[in-house]
Structure formats: structure tokens, C-alpha cells
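Fold and geometry: a report
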Amino acid sequence: MATKPLNVLLFGTAGVFISLLGMILVIANHWNSSEVWSGLSVVLSCVLALVGLLGVGGVSSGVVSLLVAPRAKDKTGFDLGLSMISLLPAILLAVVAVVLVEALIHAFQIPVAQIPAPTAVIQKFLESRQVLWRDTQTTLLEAGIGYVIGASLGILMAILVSRYQFLNKGLMPYATIFSSIPIVALAPVIVKAAGLEWGSKAAVVAITIFFPVLVNTARGLLEVNPLTIDLMRSYAADPRRVFLDLRIPNALPYIFNALKISTTLALIGAIVAEFFGSTGSGLGFRILVETGQASFDSVWAAINIASFLGIVFYNLAALLERRVTGWHVSFRE
Amino acid sequence: MTNAISPLVAVNDVSMIYRTRAPNGEALETVALKNANLEINQGEFISLIGPSGCGKTTLLRLLADLIQPTSGSIGIGGKTPQQAREARAYGYVFQAPALFDWRTVMGNVMLPLEIMGYNLADRKARAENMLALVGLEKFSKNFPWQLSGGMQQRVSIARALAFEPQLLFMDEPFGALDEITRENLNLELLRLWRETGKTIIFVTHSIPEAVFLSTRVVVMTPRPGKIEKIVNVDLPHPRDFDTRESPRFFEIATEIRESLRHGHGYEGNE
């Protein structure tokens, strides 16, 4: 962070100022005019929007570092106010970006069938919240059950692999290959074979995350510091103790890594699988159907829910990780 | 030390040969240890010294039954190394602390006690005692990464002592530490040895360390790894920093240095 906050602030302010001026001119020119798309002004306003966003980022982070840096120096513990202020640039940027998109969409009179304005999406979200809630429940059920089954089977199989050398030799090369190919491509096949109920989507999810969980867990169980193995041997510790006291704790960071990656994979798996058949609910189903009817406000509402679920799901896994493996190197300060 | 009738550790004509394969498929034999003979009495402090590849760590691992000899026999208190290991007759301190990251300092010291089935109260009392012995009682709730390298190694010593084995194997425990920390830990180790009356077998490649700590120094030379000479260290106890500056200290150190050099003599002719 070599740049001085004051400079950042200065450039940011300039950026905001320029883009605001330009934007007002462009938008004023287009407001309620019959002309829908004009190449030059679209390009111009996109550039201005970018400059403006950078400006907002600059101003807010400049202000924050001026305000927070002196205060943060003599703080050691967690300070809610302080961390809220440090989040300010990101929040401000998001708000400005949404407002900008809204303004541009209105100015260029882009129809809902192409890109819906943020307000349209919010309105749609409120209107059809019951349907969307049911879709959310369906997708959550598929992703959740699939996740639990896939992760449990992956961990169980990894334990067997670490216990039996022949499994390690025979199975792991394939598991490594499978964990790096897009298994989600199997979704249509599985849905076709397993039916339209939620179970088929859960199966897709389970199969998708089984391999990464298996590979990571097995690595964690097997890649143990040889000295600690010698240590346990010097205690004449039985295999059960070596497993519980050494291999399992050693594997926990690897397991949580896999569990975190898998949250995203699970939602992708569930949503994509729904594209290939469902019983009439689910976020993937909603996205597919509403896209077919060109009602993109619904589509975007569903996408937003899916994104939100993804964030929550991932952070739950990360929270659990922090709880269980707080001793790990990634959490040291 | 007193002359025990039978030695605690007896190494009879032990050889260790590693058979590996070269990249071109040719079979390779590495003689890590050749016809080693050694007797160690109760209460001695023995250092194994020599350059890399002289078989000092191999010898220690053989004694601890972490590996088995190609030929020859080893007795530890009248038992085979495997029996001794299964009877938890020794503690082993490794080159690296090898602490469990997920356990606190206290938890690490209690690990062997848990495995050996001590009850909770006993585990706690013993671990606290051992931590006090190595001067780390204030750090019992810390995690290993919060400690310096020297402190971590002290924890691993406390862990090795926790179940009070009469025999302690130490494989270059202070090798990775700076000179000052090392000398302080040497003093602490000597005090510990005097207070507990244990038999310690200590691997090092530092001549001053070996002379300062030991009752006898086993000088080993490489290719093939073998015992070159056993040097008696008749420096009086208790030893302190002044010991390192006494003329006798230098005499013994010189004797060791010369026999190490002698062992290296035919290295070029191989």
C-alpha cells in the first residue's frame, strides 16, 4: 500500500466528478427520447460508469484509510464499528453500481426482455416470493442432502483408502482423475436414469462432490509427518490411536478445504441438474422456464437467490472450519 | 557412575545395510552401520558424534526399534528393542519437535500418557510437573506455533519425559537452534539428567556439545558407518559455563576432533 490515502482521495474525487458530469449529460440527452440505442453514447456512458465506479472506490477507501488507519493502530481486539467502516468502500461501490445500472437501463429504455432494471428484479422478487421460496426449498433440499451424502461417502471411502494399501493403489489414480473432470456433465444422464424427483438432483450433487472430498481427505490422512509416525511407534500406540490422534486431526484442514469447495459444487450441481428435468420447482427449473418466456426479472431474482445461498452455504462451512481447526496455519495472525 | 553388573544397553556386532535400486536399475547397498559394538550403563550420558552418514541416527533408531538391524543383536535392560518399545521403556526426542499442531502445549505433553492409559488427574499432574521441569509451565495453554523453536523442543523433551522412562534417546534435539539457545538448553538438560538419574543417549554433530554433556562420547565415522573410538569425558559434575573454558575440556575436544579426522582419512581412497 504505497499510495498515500490523500492521493487516492484526490484522484477518486476527480473520477467521480468527471463521470457524474458526463453521465448527467448522456442521461439527460437520452431521457425519454425515442432513440433506444446509440453506439457512441453507450460506449461513452460505459466508460464514464467505469471511471465513476473507480472514483467512488477511490474516494471511499481514501476516506476510510484516513479515518481508520490512525484508530486501528492502537486497537488490538475486534471492533465492530471499525470493521463496518472498512467495509464501507465495498458497500458504497455496490450501491453506486446498482444505481448506475438502473439509470442507464432507464436512459436507454432497455426492455425487460433484455436486461431488467434492479428495481424490476426487486419488485418481481416481492411479487413471486412464495413461488421463489418453494424453489429455494427444493434446491436447498437437493443440494443439502446430496452434499451430506457425497461428503460422508467421500470421507468414509478415504478412511478405507488410508487403511488398505490396495485401495490406495487401485482406486486413487481414478479418483484423482474423476475429481478433475466436470462430472456435472453427467447430470442429464443421471436425471434421465433416476427420475424427475429431487432425489436425482441430490444424486448428481453427491457424485459431483464425492471425488474432491475423497481425494482431499485421503491426502490428509496419508500425508502425515513421518516423525510423528515414529513418535507414535515409540509409544507402542495401536493403529486405532494413530488413526484418531494423528491421522484424523492431520486430515481436518484438508477435509474442510474440500467441504468448502463442495458448497459451490453442490449448488452448481443442483441447479444444472434441474435444467434437465424436475417436478416443477427449484431455482434451476425457474431460471430455465422464465428464460424461455423472456421474463428476465424472474430469472435474475432466482439467480440472486442462488448467489445468496452460495455465499451462505460457503460461509457456514468456513465458520465450521474455523471452529474445528482454529489451530491451523491459515488462521494464525 | 556406578559399575553395574550388566549394562543397560548392549549392542553386539550390529550392522545395518539399506538395499535400494539406482535409477539405472542397479542394486545398491548402503552400509549405514558396520559391526557396531557398544555397552551403556545405567545413568550414563552417552553422545554419538560424527559427520552425516556415519550411522549415528541409524544406531539410535535401531535401539528404539524404529528400524531392525540386518545382523547382530541389541539388548535393552535384558529385552529386545521391540519388547522394550512395547514396554514403553524409553522416550525419544526427534530432530524436529514433531508436536501436534492441534494440541496445546499441555495436550502435547499429555499425549503419551493418554495412549498409555493414565487417568486424567494423573495425566494433568505429570504434564504440569514436566512442563515445570523444562520451565514452560506458563505456556501450557498455548499452541505450539505460538512458541519459539527452542521452546517447542523443550515441550518435546517434556513430552518424552512425561511417562518417566528410565532411558532417553535424543536425536540432534538442538541441531536447528541458535548457539545461545543451544548452550542454555544444554545446561538445562544436564540439570535434568542429574535430577532424574536417567540414562541418555544423545546424537549430535557438535563436538563442544558432546563434550559438555556426556560421560562418554562415541565417535563415529562414515562410509561405512562405524564406531571409531569411545572417548571418556572425565570432567567433574556439576558442569557449568566455566567447564567449557577449562583446559581439560579442550584436550577432550581435541582428542575427539582428531579421531574424527582419522576416520575421514581413507574417505578419498574409496
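Residues numbered from 1 in each chain as written. Chains lettered and ligands numbered in written order. Predicted model: local features only at pLDDT ≥ 70, side-chain atom pairs only at ≥ 80, totals over all residues. Heavy atoms only, no water.

1. Overview of the pairing of strand S9 (residues 226-232) of chain B
- One ladder, built from 6 bridges, connects strand S8 (residues 216-221) of chain B with S9(B); its direction is antiparallel. Bridge pairing in S9(B) links Val218(B) to Ile230(B). (Pairing = 2+ DSSP bridges. Helix = DSSP H or I, 4+ residues; strand = E, 2+ residues; numbered from the N terminus.)

2. Brief notes about the interface of chain B and chain A
- Across the contact, 25 residues belong to chain B and 18 residues belong to chain A.
- Between chain B and chain A lies a buried interface of about 2100 Å² when both sides are counted; carbon and sulfur atoms form 66% of it.
- The three residues of chain B that bury the most area against chain A are Trp102(B), Ile115(B) and Trp145(B), which together make up 32% of that side's buried surface.
- Applying the counting criterion to the chain B and chain A interface returns 4 salt bridges.
- Measuring nitrogen to oxygen at the nearest pair gives 2.7 Å for the salt bridge that ties Arg61(B) to Asp230(A).
- Applying the counting criterion to the chain B and chain A interface returns 7 residue pairs in polar contact (both at pLDDT 80 or more).
- Listing elements by their share of the side of chain B that touches chain A, those giving two or more residues are helix H2 (81-86), strand S5 (90-93) and helix H3 (105-115) of chain B.
- The element contributing the most residues to the side of chain B that touches chain A is H3(B), with 4 residues. (Contact = heavy atoms within 4.5 Å. Buried area = accessible area lost by both parts, 1.4 Å probe. Salt bridge = Lys/Arg side-chain N within 4 Å of Asp/Glu carboxyl O. Polar contact = N/O pair within 3.5 Å; in protein donor to acceptor, adjacent residues only side chain to side chain.)

3. A few points about the domain arrangement of chain A
- Split by domain assignment, chain A resolves into domain 1 (5-109) and domain 2 (126-331).
- Domain 1 of chain A and domain 2 of chain A are separated by 37 Å when their C-alpha centres are compared. (Domains from an automatic or database assignment.)

4. What to know about the pattern of salt bridges
Residues and elements named next belong to chain A.
- For the structure shown, the criterion picks out 22 salt bridges over all chains.
- The closest approach of N and O atoms between Glu321 and Lys260, which form a salt bridge, is 2.9 Å. Taken together, the residues Glu321 in helix H12 (residues 296-324) and Lys260 in helix H10 (residues 239-275) connect sequence positions 61 residues apart. For the pair Glu321 and Lys260, one class covers both residues: buried. (Buried < 20%, exposed > 50% of the residue type's maximum accessible area, 1.4 Å probe, protein only.)

5. A short note on the confidence of the model for chain B
Residues and elements named next belong to chain B.
- Averaged over all residues, the pLDDT of chain B equals 90, while 96% of them reach at least 70.
- The low-confidence segment residues 266-270, where pLDDT is below 50, has 5 contacts with residues more than four positions distant or belonging to other chains.
- Both confidence scores are given for the complex: pTM 0.82, ipTM 0.90. (pLDDT = per-residue confidence, 0-100.)

6. Some words on the domain arrangement of chain B
Residue and element names in this part refer to chain B.
- Parsing chain B into structural domains produces domain 1 (1-89 + 166-270) and domain 2 (98-164).
- Put simply, the middle of domain 1 and the middle of domain 2, counted by C-alpha atoms, are 26 Å apart.
- Between domain 1 and domain 2, the contact holds 14 residues from the first and 13 residues from the second.
- Here domain 1 meets domain 2 over a buried area of about 1100 Å², counting both sides, of which 71% is carbon and sulfur.
- On the domain 1 side of the contact with domain 2, Arg88, Leu168 and Leu192 bury the most area, a combined 39% of that side's loss.
- Put simply, domain 1 and domain 2 have 1 salt bridge between them.

7. Structural notes on a nonpolar patch on the surface
All names here are of chain A.
- Among the surface-exposed residues, Leu141, Ile145, Ile149, Leu153, Leu156 and Trp198 lie close enough to one another that they form a single nonpolar patch of about 520 Å² accessible area.
- Counting residues per element, the nonpolar patch draws most heavily on helix H5 (residues 129-163), at 5 residues.
- Along the chain, the position of Leu153 falls in helix H5. (Patch = residues over 30% accessible without salt bridge, like charges linked within 9 Å, V, L, I, M, F, W, Y side chains within 5 Å. Areas by Shrake-Rupley, 256 points an atom, 1.4 Å probe, with all protein chains shown as cover.)

8. Re the packing of aromatic side chains
Residue and element names in this part refer to chain B.
- Summed over all chains, the structure comprises 14 aromatic pairs over all chains.
- With centroids separated by 5.8 Å and ring planes inclined at 75 degrees, the aromatic side chains of Phe45 and Trp193 adopt a geometry described as edge-to-face. In this pair, Phe45 sits in strand S3 (residues 45-49) while Trp193 sits in helix H6 (residues 179-196), placing the two residues 148 residues apart along the sequence.
- Given a relative accessible area of 0%, Phe45 falls into the buried group. (Phe/Tyr/Trp six-rings, centres within 6.5 Å; stacked < 30°, edge-to-face > 60°.)

9. So, the sheet that holds strand S4 (residues 71-76) of chain B
Residues and elements named next belong to chain B.
- The antiparallel open sheet is built from 3 strands, whose spatial order is S2-S1-S4. Each edge of the open sheet is held by one strand with a lone partner, namely strand S2 (27-40) and S4. Each neighbouring strand pair of the sheet contributes to a mean axis angle of 25 degrees, computed without reference to strand direction.
- Strand contacts of helix H1 (residues 56-63): strand S1 (9-21), S2 and S4, with the helix running at about 115 degrees to S1, the strand carrying the most contacts. (Axes fitted to C-alpha atoms, helices over the stretch in contact; angles between N-to-C directions.)

10. Overview of H1(B)
- The element H1(B) is largely enclosed, with a buried count of 6 among its 8 residues.
- Of all the positions in H1(B), only Lys56(B), Thr58(B), Leu59(B), Leu60(B), Leu62(B) and Leu63(B) are classed as buried.

11. A look at the packing of H3(B) against helix H5 (residues 149-161) of chain B
Residue and element names in this part refer to chain B.
- Orientation of H3 relative to H5, taken along the N-to-C sense of each, is 30 degrees, at an axis distance of 7 Å. Taken together, H3 and H5 sit at an angle that is classed as roughly parallel. Like other packed secondary-structure pairs, H3 and H5 cross with a definite hand, here right-handed. For the pair H3 and H5, contact is made by Val105, Asn108, Val109 and Pro112 and by Val155, Ala158 and Arg159, respectively.
- Per-class residue counts for the contact of H3 with H5 are 5 nonpolar, 1 polar and 1 charged. (Parallel < 35°, antiparallel > 145°, perpendicular 65-115°, else oblique. Left-handed = near helix turned anticlockwise from the far one by under 90°. Nonpolar A, V, L, I, M, F, W, Y, C, P; charged D, E, K, R; others polar.)

12. Observations concerning the nonpolar core
- Met232(A), Val9(B), Leu48(B), Phe169(B), Ile201(B), Val211(B) and Ile256(B) are the most contacted members of the largest nonpolar core, which totals 98 residues.
- At 7 residues, the largest contribution of residues to this core is made by H3(B).
- Those residues within four positions of Val9(B) in sequence are excluded, and the remaining contacts are Leu38(B), Glu39(B), Ile40(B), Leu63(B), Gly75(B), Ile76(B), Leu167(B) and Ile201(B).
- Within the second largest apolar cluster, 39 residues are counted, among which are Ala143(A), Val161(A), Phe256(A) and Ala266(A). (Core = buried A, V, L, I, M, F, W, Y, C linked by side-chain atoms within 4.5 Å.)

13. Topic: the environment of Met232(A)
- Mapping Met232(A) onto the fold places it in helix H9 (residues 226-234).
- You can call Met232(A) buried: its relative accessible area is 1%.
- Separated by 10 residues in sequence, Met232(A) and Val242(A) place their C-alpha atoms 6.6 Å apart.
- Leave out the neighbours within four places in its chain, and Met232(A) touches Ala237(A), Arg241(A), Val242(A), Asp245(A), Leu246(A), Phe100(B), Leu111(B) and Ile115(B).

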